[in-house]
Amino acid sequence: MAGISTEAAQVAQRLRDGMAGGVLSFPLTSFREDGGLDPDAYRAYLADRLATAPGAVFPSCGTGEFFSLDEDEYRTVVRTAVELADGRVPVVAGIGYGWAQAVRFARIAEDAGADAALVLPHYLVSAPQDGLVEQLRRIAGGTRLPLIAYQRGPVAFTAASLRRVAGIPGVIGLKDGHSDLDRLQRLTLAAPEDFLFFNGAATAEIQARAYATVGVPAYSSAVHAFAPEIANAFFTALGDGDHGTVDKLLRGFYVPLVELRDRVPGYAVSLVKAAARLRGLPVGPVRAPLTDPAPADLSALEKVLDHGLSLVGAVRRPA
């Protein structure tokens, strides 16, 4: 990675070590019933997530409803994550929108003590490759934080563009949400050897084995937000090559969860939050334009969750 600072190299190494040792946790953001941020509930919830040994924590990203937070709320969310992590695991804060607004969020995350930032896909418009590269160049020029690019939706890099991205000082990695393994293999081969890659597909465990075959074994886990017992069991089984357990968890939990998720737009977040509430976790409702699950879907989610927990010897609410 060209021009990378000593500090950025250290963050990259901490992330590499964390990715090898645990799932990447994308926590929810706690809201009150009136829609306001609930800082105390968020602190309690996040402390519980950090106690389950994630490899890194990514506050205020997609699962954390970054798109619905104002700057003051964002500051509280990131600062709380940094305080609770206390240097034990890297904290990577979500940033996004156009480059000017992304820089504003990056500077807030920087001041709050985050280790790095994940650049979420920009708003609405499609853009040529030159524009995608320039977007990252502008953001990198406005913050000291190391950056991880996120390709999903309107953002998809070619191998030639990724070589340019990897040459931007401070850009240390790429999260992929397209699940195009042909393209991803080309990207991994085009990037420097020390460039970070990880699987950011929705419910990434579904494709974790396939991603590993092209050199991307690390992945984000929304399931960790509500069922770390399942997420950690899957991670261990995958790392150990225990395909029997991997298949059991895929068939019995992950595939039914994805089928339920695909019923309604936005359920990739709404179902995760509903599952957390089913476990008594203080996360509250989603914010509009997301909607909480319909009663029939909530009932189906309860069954999927209970069965998934039973597969790893856990229960929804321990006595």
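See the structure shown above.
We now turn to the structure provided with this report. Worth saying up front: this structure is predicted, and the values here are computed from it rather than measured.

Reading the values: rules and limits
Residues numbered from 1 in each chain as written. Predicted model: local features only at pLDDT ≥ 70, side-chain atom pairs only at ≥ 80, totals over all residues. Heavy atoms only, no water. Pairing = 2+ DSSP bridges. Helix = DSSP H or I, 4+ residues; strand = E, 2+ residues; numbered from the N terminus. Axes fitted to C-alpha atoms, helices over the stretch in contact; angles between N-to-C directions. Contact = heavy atoms within 4.5 Å. Buried < 20%, exposed > 50% of the residue type's maximum accessible area, 1.4 Å probe, protein only. Right-handed = clockwise from strand over helix to strand, strands pointing away. Arc of directions from axis to C-beta. Polar contact = N/O pair within 3.5 Å; in protein donor to acceptor, adjacent residues only side chain to side chain. Core = buried A, V, L, I, M, F, W, Y, C linked by side-chain atoms within 4.5 Å. Patch = residues over 30% accessible without salt bridge, like charges linked within 9 Å, V, L, I, M, F, W, Y side chains within 5 Å. Areas by Shrake-Rupley, 256 points an atom, 1.4 Å probe, with all protein chains shown as cover. Salt bridge = Lys/Arg side-chain N within 4 Å of Asp/Glu carboxyl O.

**Topic: the sheet that holds strand β4 (residues 116-119)**
For step 1, the next point in the chain: Strand order in the open sheet formed by 5 strands is β3-β4-β5-β6-β7, with parallel pairing between adjacent strands. Looking at which strands have only one partner, the edges of the open sheet turn out to be β3 (92-95) and β7 (196-199). Taken pair by pair, the neighbouring strands of this sheet meet at an average axis angle of 25°, ignoring direction.
For step 2, the next point in the chain: Bridge count for β4 against strand β5 (residues 147-151) is 3 bridges, and the pairing is parallel. Bridge pairing in β5 links L118 to I148.
For step 3, the next point in the chain: Contacts between helix α1 (residues 6-21) and the sheet are confined to β3, β4, β5, β6 (171-176) and β7, with β7 contributing the most and set at about 35° to the helix.
For step 4, the next point in the chain: Strands in contact with helix α7 (residues 181-190) are β5, β6 and β7; relative to β7, the strand with the most contacts, it is inclined by about 160°.

**Here's the deal with the pairing of β6**
Along any regular strand the residues' side chains alternate between the sheet's two faces.
For step 1, the next point in the chain: For β6, the tally of buried residues reaches 6 of 6 residues, placing the bulk of the element in the interior.
For step 2, the next point in the chain: The pairing of β5 with β6 spans 5 bridges and is classified as parallel. Each bridged residue has a counterpart across the sheet, and for A149 the counterpart in β6 is L174.
For step 3, the next point in the chain: Between the parallel elements β5 and β6, the chain passes through helix α6 (residues 159-166) in a crossover that is right-handed.
For step 4, the next point in the chain: By the bridge criterion, 4 bridges tie β6 to β7 in an arrangement that is parallel. Across the sheet, G173 pairs through a bridge with L196, a residue of β7.
For step 5, the next point in the chain: As for the winding sense of the linkage, the β-α-β connection from β6 through α7 to β7 is right-handed.

**Some points on the sheet that holds strand β2 (residues 56-57)**
For step 1, the next point in the chain: A sheet is described by the order of its strands in space; here 3 strands give the open sequence β2-β1-β8, paired in parallel fashion. Every interior strand has two partners, whereas the edge strands, β2 and β8 (220-221), have only one.
For step 2, the next point in the chain: Bridge count between strand β1 (residues 24-25) and β2: 2 bridges; the pairing is parallel. Opposite L24, over in β2, you have A56 as the bridge partner.

**Remarks on α7**
For step 1, the next point in the chain: Every buried residue of α7 is listed here: L184, L187, T188 and A190. One side of α7 carries all its buried residues, which in axial view fall inside an arc of 165°. Away from its buried face, by an angle of more than 90 degrees, α7 presents the exposed residues R186 and L189.
For step 2, the next point in the chain: A side-chain oxygen of the first residue of α7 lies 3.3 Å from the backbone nitrogen of D182; this N-cap is D180.

**Some remarks on the nonpolar core**
For step 1, the next point in the chain: Grouped together as the largest cluster of nonpolar side chains are 74 residues, with contacts concentrated most on L15, F58, Y74, I95, L118 and F197.
For step 2, the next point in the chain: Setting aside residues up to four positions removed in sequence, Y74 forms contacts with S60, F66, L69, A93, G94, I95, F105, I108 and A109.
For step 3, the next point in the chain: If you look at the next biggest cluster of nonpolar residues, it comprises 37 residues, including L28, F226, A227 and A276.

**Regarding a nonpolar patch on the surface**
For step 1, the next point in the chain: A cluster of nonpolar side chains, Y123, L124 and V125, forms an exposed patch at the surface whose accessible area comes to about 370 Å².
For step 2, the next point in the chain: Summarising the element assignment, Y123 is placed in the loop between β4 and α5 (129-141).
For step 3, the next point in the chain: On the basis of relative accessibility, which here comes to 57%, the residue Y123 falls in the exposed class.

**What about the pattern of salt bridges?**
For step 1, the next point in the chain: Scanning the model with the defined rule gives 20 salt bridges in all.
For step 2, the next point in the chain: Among the ionic pairs, E65 bridges to K273, the shortest N-O distance being 2.8 Å. Taken together, the residues E65 in the loop between β2 and α3 (71-85) and K273 in helix α11 (residues 267-278) connect sequence positions 208 residues apart. Across the pair, K273 and E65 agree in class, each one buried.
For step 3, the next point in the chain: D262 is paired through a salt bridge with R261; the nearest N and O atoms lie 3.0 Å apart.
For step 4, the next point in the chain: The exposed category is assigned to D262, whose relative accessible area is 52%.
For step 5, the next point in the chain: Note on R261: relative accessible area 16%, which makes it buried.
For step 6, the next point in the chain: Several salt bridges converge on common partners, so that one network encompasses E134, R137 and R138.

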